[in-house]
Amino acid sequence: MISNLLERRRRVTGRNTLLFYDEPLEIVRGEDVWLIDAEGRRYLDVYNNVPQVGHCHPHVVDALCRQAREINIHTRYLHEEMVRYAERLTALFDDPLSTAILTCTGTEANELALRIARHLSGHTGIIVSDFSYHGNSLTLAQATTGLPAPEALAPHVRAVPIPDMHMHEGEDPEAVGQAYARHVEEAVRSLQTAGFGVSALLFDTLFSTEGLPAVPGNFVALAAAAVRDAGGFYIADEVQPGFGRTGEGMWGYSLHGTIPDFVTMGKPMGNGHPLAGMVTSEEIINRFAEDSLYFNTFGGNPVSAAVGNAVLDVIENQGLIENARVQGKYVQERLRELMVRHEKVAAVRGRGLFFGLELVEDRQSRKPDAAYTKRVVNMMKDEGVLISRVGPGDNVLKMRPPITFQQEHADLLVSTLDKVLTKAGGQA
């Protein structure tokens, strides 16, 4: 019984540990884009970006089991699997991003990038967006602006607004990007005046927590230039956008016309196995290593490396970046049809197979309708389709399925959304 399992969980993990949906699900099995609950009901998974190449992909599972039967040990011994994975991974980046440090979580990866940036810049200041999340360490909690946290925003952190062309319709994108880049320049000056200086600009390359805004193409490059001019570094967080999800290459940073100094990754790297990492230049790694004996006991262990190699195999062999492009274009075209029939749908957001619907009280005021959005998410679950919500107004339906997602899955998603948007009280 779910009620009994829920109560047991609350007893041993705390009454406020996070669960999806008003009536939580007990999920026991996964197959590609499907999740199966304890009663055998199948749900189309249009939310979880952890199983990037589909839940329990046989090739990935076989690689994990095969290596686990041989040896699993830390990286202070030589092992072919780890070196081969690092070689394959770094080959996917632009120069000078050529050197990897593997970790277990995205939090560790972001923490390490910030640590190196602080050390090499000689500064402590950090710039993030004004509605972001990059991890749950103390350092990152003090820079979190998009989730509740007991830690106040640290004195050495500045938060800047992110431009969204959905909110600047009809305006010149380049001018909008320049205007918002001035907020970054102001944050740089503020940190310098306060004596912190600037160590890093940390941005999710799709601004996922921010609600997938339509960011002008020049904004991130201008922001990164302002930080670099002050002696800092640009860290691109690819935990959610990376590994082909945008359908426009392997990494979200390619959308912004500038190459980061650090790229951090997590979740999708291991398709459900805890694998994460940071990639930067050889020069940066070597300068840091001169002063730091850094190691990570489990980061890059042979089992994790075998899993990482298998995920890359599947992305390449099944043409999943192209699939994300084709299916992403198709699903967004289908979602735009909903704008014709539902007045509460204000915009279709996202890139590739990371997309969303902005839901509002009415299009004239564009006031976020968080209650309606939450109702839609829970009703979709009842209809057998799993999605979530995100954004400063908690009013953007968040959808990021495995990138094996196909046209028939998109059709099921859109037809179910059409029905639920009406039932929830939003038909025009």
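Everything that follows concerns the structure shown earlier in this document.
Since this is a predicted model, take the numbers as computed values, not measurements.

Note that Asn-395 resides in the loop between β14 (388-390) and β15 (396-399). For Asn-395, a relative accessible area of 5% gives the class buried. For Asn-395, the side chain forms a polar contact with the main-chain oxygen of Leu-359, separated by 2.8 Å. If sequence neighbours within four positions are ignored, Asn-395 has contacts with Leu-357, Glu-358, Leu-359, Val-360, Pro-368, Asp-369, Ala-370, Thr-373 and Val-390.

Quick look at the pairing of strand β7 (residues 200-204) now. Of all the 5 residues making up β7, 5 are buried; the element is thus mostly covered by neighbouring parts of the structure. Alternating residues of β7 divide into Ala-200, Leu-202 and Asp-204 and Leu-201 and Phe-203, and every residue in both groups is buried. Crossover handedness for the path β7 to helix α7 (residues 219-229) to strand β8 (residues 233-237): right-handed.

The subject of this paragraph is the pattern of salt bridges. All chains considered together, the criterion is met by 23 salt bridges. A salt bridge links Lys-423 to Glu-383; its shortest N-O distance comes to 3.2 Å. On the criterion of sequence distance, the pair formed by Lys-423 in helix α12 (residues 407-423) and Glu-383 in the loop between α11 (370-382) and β13 (385-386) is long-range, its members being 40 residues apart. Taking relative accessible area as the criterion, Lys-423 reaches 53% and is therefore assigned exposed.

Looking now at the layout of surface pockets. What the second largest pocket holds in volume is close to 430 Å³. Around the second largest pocket, the lining is made up of 21 residues, and of these Thr-75, Met-82, Ala-100, Ile-101 and Tyr-294 lie nearest the centre. Those elements that provide at least two residues to the lining of the second largest pocket are α3 (80-90), β4 (97-103) and α8 (282-289). Split into classes, the residues belonging to the lining of the second largest pocket amount to 12 nonpolar, 7 polar and 2 charged.

Rules behind the numbers
Residues numbered from 1 in each chain as written. Predicted model: local features only at pLDDT ≥ 70, side-chain atom pairs only at ≥ 80, totals over all residues. Heavy atoms only, no water. Helix = DSSP H or I, 4+ residues; strand = E, 2+ residues; numbered from the N terminus. Buried < 20%, exposed > 50% of the residue type's maximum accessible area, 1.4 Å probe, protein only. Polar contact = N/O pair within 3.5 Å; in protein donor to acceptor, adjacent residues only side chain to side chain. Contact = heavy atoms within 4.5 Å. Right-handed = clockwise from strand over helix to strand, strands pointing away. Salt bridge = Lys/Arg side-chain N within 4 Å of Asp/Glu carboxyl O. 1 Å grid on protein atoms, 1.4 Å probe; cavity = no way out; pocket = protein on both sides within 12 Å on 5 of 7 lines; lining within 4 Å. Points joined across faces, edges and corners; volume = space filled by probe spheres on them. Nonpolar A, V, L, I, M, F, W, Y, C, P; charged D, E, K, R; others polar.

The values are spatial; any link to function lies outside them.
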